[in-house]
Protein chains: 2
Amino acid sequence: MEHNQRIIFTNDVPAAINEALDGIDYNRLFVLTDTNTAHFVLPRLAGNEHIAGADKITIKAGDMNKTIEAAGEVWRELVAGGGTRKSVLLNLGGGMVTDLGGFAASTFKRGIRFINVPTTLLSAVDAAVGGKTGVNYRGLKNEIGVFSEADAVIISTCFFSTLPLAEVKSGFAEMLKHGLLKGSDTYNRLLAYDFESRDYEHLLTLLRESVEVKAEIVRQDPQEHGLRRALNLGHTVGHAFESYAMSHKSPIPHGHAVAWGMVVELTLSNMLCGFPGTQVQEYAQFVLENYGAYHITCKDYDALLALMRHDKKSEHGELNFTLLAGVGDVRINISATDDDLRSAFDIYRDLLHI
Amino acid sequence: MEHNQRIIFTNDVPAAINEALDGIDYNRLFVLTDTNTAHFVLPRLAGNEHIAGADKITIKAGDMNKTIEAAGEVWRELVAGGGTRKSVLLNLGGGMVTDLGGFAASTFKRGIRFINVPTTLLSAVDAAVGGKTGVNYRGLKNEIGVFSEADAVIISTCFFSTLPLAEVKSGFAEMLKHGLLKGSDTYNRLLAYDFESRDYEHLLTLLRESVEVKAEIVRQDPQEHGLRRALNLGHTVGHAFESYAMSHKSPIPHGHAVAWGMVVELTLSNMLCGFPGTQVQEYAQFVLENYGAYHITCKDYDALLALMRHDKKSEHGELNFTLLAGVGDVRINISATDDDLRSAFDIYRDLLHI
């Protein structure tokens, strides 16, 4: 990652696309969408002359299609369209499109430039910044990929008005995480956000602040040797909830899993790092009101512990967490025992009235 | 490429493997070979305890097997063997194995460390250093790949004693190229080398000097924005010879193609950059004695020009070359007309008595 990534926050995406491309000496533009964004988003950008003149590549929507075979389709289209090392791939879609498109671009002729235009809040806040690209492989999420930053990321809330509210909330959970990592001012502004208002102008301001938290962490530790693990807050338990729900054929949105996972991990933070109990309660209340609860019983604990142990981020079998001593006061690599986790699950159920 | 790559020149490969691995905090070693090196080379390292305890992965030998599917086999074995981000892949083989293994490692879990142990002179001098990894795709050479440097490269001539002399000569052509780029002292030591002596101790000294020329160029321009193009000397014409021979079903070794290609490109250097004519003759004489000649007639010129135009390094259809104004005096991005090339081919045929 030799260059500084440009992040453009805007209400005028076509103008931002011009801004991103006018500074680049490129010979051919390819636009990658999935079957959803090809239908619902691409037409809204058809008036932009860069987009109008570009080769379009469409892949099937859905995380189950984030495969090496789909990356192969992108490579094939790049070859067929005469792509060279001076070509640019613009990824227009959610995290599945930006992850896969980023990987395909970064491996085509040993790397061409790419631009991410995330169309969901989750991808805007999470997947579009930070240089993590990849595809799933044999059932393992993001098993094949590279670290490679987009040349530019264009972030706008204008696409969100047509999204279901649940999808906006899913992305908002990652913003809450960034707020918890950053400090009280940022965090409190997020707790005050009213989803029912659908005030996407204000959301763009909050989103900018949130993305900048992540960008700063990634800048300091691009390849996740230490500090970047802060971004795992809520994700060890969250991924276990997500996998567990999936294994019972009733999948839950990623962001919701993280929101619930953070209830457990803030409880652990309270137990192991002195995170204030009143703030655990305040956070749990916000989650209960906006996300409801993921129902578990004590009979589920063993399975959840086993899932966490299989998580690729745990080494040598111990369970390591990113925890907080307070809002904005991060502790990485804190190990917790199985008993700690069982207690935290008990408290989680109390807090969310399960 | 954030770290400095270690290059270990040695007559004791097992000791060098210990040196490379003892400095690394790793949890599991995988050794990649092809069907040839599994049989002929791996047994010679069986006494090394790192190697003895490693998981072995074997892929089919040959450039036609340098595919994304073969990379998939490596990923599958890494998953099956419990590979994590702290695992290491040791690539033991020629350029096909180091290119493919480097790509598989660099994309597994967004990149694990890898060590290259090249077993041919060509891979030692060319493919093992410089961070170019990749696989062929739909008939296009190295179309899919990344720039990613090995954690360590172990270079030894001890494997070469069992190689056919033609294969040693093929690798030596890349050393000649590095000599021409570096300067008269290096270059003259190479012209004085006697293949019949099979003095591999002396060859290791020359090889070290040669690899360091390449490593220094790559250090200055890892992603081939400018200076690194110097390494293309001889390759524009050489690749055309190689493809042309392949299309007539009588393939020629890569290094031989480069040796002959440099006769044409040094002739162009003489015509366009004032490279001394006596040195063109001296070089052509060395090539004729050690490599013979690749036979072409004026009826082949059009096809060779067309092949060069299709070479991925030529943009907008013009033909650009790395040329020399003298030994060690490099000029990149020199464009030549079709008539220049036709004249150079004529002179090539004179020089090599065709």
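In this text the structure is predicted, and so the values were computed from the model without any measurement. (Residues numbered from 1 in each chain as written. Chains lettered and ligands numbered in written order. Predicted model: local features only at pLDDT ≥ 70, side-chain atom pairs only at ≥ 80, totals over all residues. Heavy atoms only, no water.)

Trainee: Explanation requested: the interface of chain B and chain A in the structure shown.
Mentor: How big an interface is tends to be stated in terms of accessible area lost as the parts join. Facing 31 residues of chain B, the contacting portion of chain A comprises 31 residues. Across the chain B to chain A interface the summed buried area is about 2900 Å²; carbon plus sulfur atoms make up 53%. Considering only the side of chain B, the residues that lose the most area to chain A are R85(B), R110(B) and E143(B), jointly responsible for 25% of the buried surface there. The tally of links from chain B across to chain A stands at two salt bridges. For E143(B), the salt bridge identified is with K109(A), shortest N-O distance 3.2 Å. Here chain B is connected to chain A by nine residue pairs in polar contact (both at pLDDT 80 or more). Looking at the side of chain B that touches chain A, the elements with two or more residues in it are α4 (68-80), α5 (95-107) and β7 (140-144) of chain B. Residues of the side of chain B that touches chain A, tallied by class, amount to ten nonpolar, nine polar and twelve charged. (Contact = heavy atoms within 4.5 Å. Buried area = accessible area lost by both parts, 1.4 Å probe. Salt bridge = Lys/Arg side-chain N within 4 Å of Asp/Glu carboxyl O. Polar contact = N/O pair within 3.5 Å; in protein donor to acceptor, adjacent residues only side chain to side chain. Helix = DSSP H or I, 4+ residues; strand = E, 2+ residues; numbered from the N terminus. Nonpolar A, V, L, I, M, F, W, Y, C, P; charged D, E, K, R; others polar.)

Trainee: Would you mind showing me how to read the pattern of salt bridges here?
Mentor: Here the idea is simple: oppositely charged side chains can pair when their charged atoms come close. Residues and elements named next belong to chain B. Overall, the coordinates contain 26 salt bridges over all chains when judged by the stated rule. Between D151 and R6 there is a salt bridge, with its nearest N and O atoms 3.2 Å apart. Of this pair, D151 sits in the loop between β7 and β8 (152-155) while R6 sits in strand β1 (residues 6-9), and the two are 145 residues apart along the sequence. Exposure remark for R6: the relative accessible area of 30% places this residue in the partly exposed category. (Buried < 20%, exposed > 50% of the residue type's maximum accessible area, 1.4 Å probe, protein only.)

Trainee: What is the right way to look at unusual backbone geometry in this model?
Mentor: With the exception of glycine, the majority of residues adopt a negative phi angle, and the majority of peptide bonds are in the trans configuration. Residue R110(A) is not a glycine yet carries a positive backbone phi of 60 degrees. Position of R110(A) relative to the elements: it lies in the loop between α5 (95-107) and β5 (113-118).

Trainee: What exactly am I supposed to notice about the environment of T119(B) here?
Mentor: Residues and elements named next belong to chain B. Assignment of secondary structure puts T119 in the loop between β5 (113-118) and α6 (121-127). It is 36 Å that separates the C-alpha atoms of T119 and D350, two residues lying 231 residues apart in sequence. In contact with T119, not counting residues within four places along its chain, are T37, V41, L92, G93, G94, F159, F160 and L163. Among the polar contacts listed, one links the side chain of T119 to the backbone nitrogen of G94, at a separation of 3.4 Å.

Trainee: Would you take a moment to explain the relation of the copies chain B and chain A for this structure?
Mentor: To go from the first copy of the chain to the second, apply a rotation about an axis and then a shift along the same axis. It takes a turn of 180 degrees to lay chain B on chain A, together with a shift of 0.0 Å along the axis; the resulting RMSD is 0.1 Å. Both copies are brought into coincidence by an operation consistent with a two-fold rotation axis. A shared binding surface is used by both copies, with 100% of the interface residues of chain B retained as interface residues in chain A. (Least-squares fit on C-alpha atoms with pLDDT ≥ 70 in both.)

Trainee: Looking at this structure, how should I read the confidence of the model for chain A?
Mentor: Interpreting fine coordinate detail is not advised for predicted regions of low pLDDT. Confidence along chain A averages 93 in pLDDT terms, with 96% of residues attaining 70 or more. Here the predicted complex scores 0.88 on pTM and 0.85 on ipTM. (pLDDT = per-residue confidence, 0-100.)

Trainee: Is there a simple way to explain the packing of helix α11 (residues 254-273) of chain B against helix α12 (residues 277-291) of chain B in this structure?
Mentor: Two quantities define a packed helix pair, namely the angle between the axes and the distance from one axis to the other. All names here are of chain B. With their axes 10 Å apart at the nearest point, α11 and α12 run at an angle of 165 degrees to one another. Here α12 runs roughly antiparallel to α11, going by the angle between their axes. The handedness of the crossing between α11 and α12 comes out as left-handed. Taking contact as the criterion, the partners of H256, V258, A259, W260, M262, V263, L266, T267 and N270 in α11 are, on α12, G277, V280, Y283, A284, V287 and Y291. Across the contact of α11 with α12, the residue classes tally to eleven nonpolar, four polar and no charged. (Axes fitted to C-alpha atoms, helices over the stretch in contact; angles between N-to-C directions. Parallel < 35°, antiparallel > 145°, perpendicular 65-115°, else oblique. Left-handed = near helix turned anticlockwise from the far one by under 90°.)

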